[in-house]
Amino acid sequence: MDQPNDEILFVGTAEAEHVEMYIKAIWLIKEREEEVKISTIAKMLNVRQPSVVQMLKKLNDRNLVTYNKAGVKLTEEGEKIGTSMMRNSRLLEVLMDSALKVEIDEEMVCGIEHHMNKQFTDALCTMLKHPRKSPHNHDIPMGECCQGN
Ligand SMILES: [Zn+2]
Ligand SMILES: [Zn+2]
């Protein structure tokens, strides 16, 4: 199957960003209803498969992911982080595309998304009138600000 090329992931250098990008990758694979495979994660993040295995073990220890023979799954906490990452990145895409009218820069998105707190994200979402779809036509996870809007 062809990988959609519209959401490219860039792994940052900071440890926390690194962790969040792995969670984001797993979240995205799940959204596409594909099996979460080491090779798919490696390809998405442009890293080597042994690095993926090493990180999955770490995420398993931190209770963000369950990683065993049955496969790779996000825990409730991991799911929460993934959802908020995707909400951040897709809102940033809408901001660039429809408000700022600049070209969507996925590398910039992948940097900024890790530094947005809830207040900032909800304010951005409200300014953009709680968009439901990203410019690439993906669903944007709803936040508290979206209730009743
Ligand atoms: Zn990122
Ligand atoms: Zn909202």
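Everything below is about the structure printed above this text.
Just so it is clear, the model here is predicted, and its values are computed rather than measured. (Residues numbered from 1 in each chain as written. Chains lettered and ligands numbered in written order. Predicted model: local features only at pLDDT ≥ 70, side-chain atom pairs only at ≥ 80, totals over all residues.)

Counting 31 residues, the largest nonpolar core has Y22, I23, A25, I26, L59 and V65 as its most contacted members. Broken down by secondary-structure element, the contributors of at least two residues to this core are α1 (15-31), α2 (38-45), α3 (49-61), β1 (65-68), β2 (71-74), α4 (76-99) and α5 (106-112). Among the elements that take part in this core, α1 stands out by supplying eight residues, more than any other. Apart from the residues lying within four places of it in its own chain, the contact partners of I23 are L64, L74, G78, I81, G82 and M85. (Core = buried A, V, L, I, M, F, W, Y, C linked by C-beta atoms within 7 Å. Buried ≥ 20, exposed ≤ 12 C-beta atoms within 10 Å, placed from the backbone. Helix = DSSP H or I, 4+ residues; strand = E, 2+ residues; numbered from the N terminus. Contact = placed C-beta atoms within 7 Å.)

Looking now at the packing of α1 against α4. Helix packing geometry: the angle between the two helix axes and the distance between the axes. At a minimum axis separation of 9 Å, α1 and α4 run at an interaxial angle of 90 degrees. Comparing their axes, α4 and α1 come out roughly perpendicular. Contact with α1, carried on its side by E20, I23, K24, I26 and W27, involves G78, I81, G82, T83, M85 and M86 of α4 and no other residues of that element. Its residues placed into classes, the contact of α1 with α4 shows six nonpolar, three polar and two charged. (Axes fitted to C-alpha atoms, helices over the stretch in contact; angles between N-to-C directions. Parallel < 35°, antiparallel > 145°, perpendicular 65-115°, else oblique. Nonpolar A, V, L, I, M, F, W, Y, C, P; charged D, E, K, R; others polar.)

Turning our eyes to something else, we now look at the pairing of β1. Each regular strand carries side chains that alternate between the two faces of the sheet. Residue alternation in β1 divides its side chains into a buried set, V65 and Y67, and an unburied set, T66 and N68. One ladder, built from four bridges, connects β1 with β2; its direction is antiparallel. Bridged to T66 within β2 is K73. Between β1 and β2, which pair antiparallel one after the other, the connecting turn spans two residues. (Pairing = 2+ DSSP bridges.)

At K101, a residue that is not glycine, the phi angle is positive and equals roughly 55 degrees. Tracing the backbone through its elements, the reader meets K101 in the loop between α4 and α5. For K129, which is not glycine, the phi dihedral falls at a positive 65 degrees. Tracing the backbone shows K129 in the segment after α6 (118-127). With 11 C-beta atoms counted inside 10 Å, the residue K129 sits in the exposed group.

Okay, the environment of C125 next. Mapped onto the elements of the fold, C125 is located in helix α6. For the pair C125 and N88, spaced 37 residues apart in sequence, the C-alpha separation works out to 9.1 Å. If we skip the residues at most four places from it in the chain, C125 touches L91, H130, G143, C145 and C146.

Let us look at α2. Along α2, the residues classified as buried are I41, M44 and L45. For α2, the angular spread of buried residues about the axis comes to 85 degrees, placing them on one side. Buried residues in α2 make contact with α1 and α3. Phi for N46, located one or two positions after α2, is positive at around 55 degrees. (Arc of directions from axis to C-beta.)

Let's shift gears to the packing of α4 against α6. One can describe the packing of α4 onto α6 by two numbers: an axis separation of 10 Å at closest approach and a directional angle of 40 degrees. Classified by the angle between their axes, α4 and α6 sit oblique to one another. For the crossing formed where α4 meets α6, the hand is left-handed. Residues R87, N88, L91 and L95 of α4 touch α6, and the partners they reach there are T121, L124 and C125. Grouping the constituent residues of the contact of α4 with α6 by class yields four nonpolar, two polar and one charged. (Left-handed = near helix turned anticlockwise from the far one by under 90°.)

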